[in-house]
Amino acid sequence: MSQIIDVSILLCVRNGMPYLRDAVNSVLEQTGPLFELIAVDDGSIDGSLNWLEQLAFKDKRLVVVRNYSSRGLTYSLNKALAIARGKYIARIDHDDIWLSEKLIRQVELLDNHDDLVLVATAYKEADTFKRWKRNPILPICTNDSEIRLALYKYNPFCHSSIMVRRSILNSINGYDESFKHAQDYELWTRVLTLGRAITLPEVLCIR
């Protein structure tokens, strides 16, 4: 019998070294829920794919998928989503980092509040050495009302901080591949028609 996966994490990589190691390690060191990390390599030529495949051989939580030529972020996200098994979907960029309690905090909220469709977290901006340098430029909107008002003006979420119900993403056919950029912003406008969103005030993501 296969394990029940709580969270599927989507990681899309194109020439992600040297930041990739820290990003992946921050996922593998998460506490609490059972998860799988689905890494889609989008035609890297810097050794990213080889490093991921070697790590996947040792850690079965990592699933590596390859695009033989670059297809772009939106296509790669949908490719990962199509094979995801988790109840919830999380997302991390190859140069971002999570704090160790990120997943468990979000899973607890989604498990206990059926009307929640999306849980994000506060985040910090960092320099190229991942040293915190400032709070995000835009204000963090913590409750659903603030988030909905903010959506009219800007994207109120850091993509690497979100967790969404997989059933919701499947019901709206995932990311819209006509959007090569701002695909996350467009997605939130559809996700939030189906339920409530909140952002945890704790900084659990560094971008």
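Before going into details, it helps to say that this report is about the structure given with it. Because the structure is predicted, anything quoted here is derived from the model rather than measured.

## Considerations on unusual backbone geometry
Working step 1: Residue Pro18 follows Met17 across a cis peptide bond; omega there is 5°.
Working step 2: In this fold, Pro18 is placed in the loop between strand S1 (7–13) and helix H1 (20–28).
Working step 3: You will see that Asn15, though not glycine, has its phi angle at about 55°, which is positive.
Working step 4: For Asn15, the location among the structural elements is in the loop between S1 and H1.
Working step 5: One non-glycine residue, Ala182, adopts positive backbone phi at about 55°.
Working step 6: As for its placement among the helices and strands, Ala182 is situated in the loop between helix H6 (166–171) and helix H7 (183–191).

## Things to note about the pattern of salt bridges
Working step 1: Tallied over the full model, the rule gives 8 salt bridges.
Working step 2: Between Arg85 and Glu36 there is a salt bridge, with its nearest N and O atoms 3.1 Å apart. Pair noted here: Arg85 is in the loop between helix H3 (73–83) and strand S4 (88–93) and Glu36 is in strand S2 (residues 35–42), with a separation of 49 residues, a long-range link.
Working step 3: Classification of Glu36 as buried rests on a relative accessible area of 3%.
Working step 4: Here Asp115 and Arg196 are joined by a salt bridge, their closest N and O atoms 2.7 Å apart.

Cut-offs and rules
Residues numbered from 1 in each chain as written. Predicted model: local features only at pLDDT ≥ 70, side-chain atom pairs only at ≥ 80, totals over all residues. Heavy atoms only, no water. Helix = DSSP H or I, 4+ residues; strand = E, 2+ residues; numbered from the N terminus. Salt bridge = Lys/Arg side-chain N within 4 Å of Asp/Glu carboxyl O. Buried < 20%, exposed > 50% of the residue type's maximum accessible area, 1.4 Å probe, protein only.

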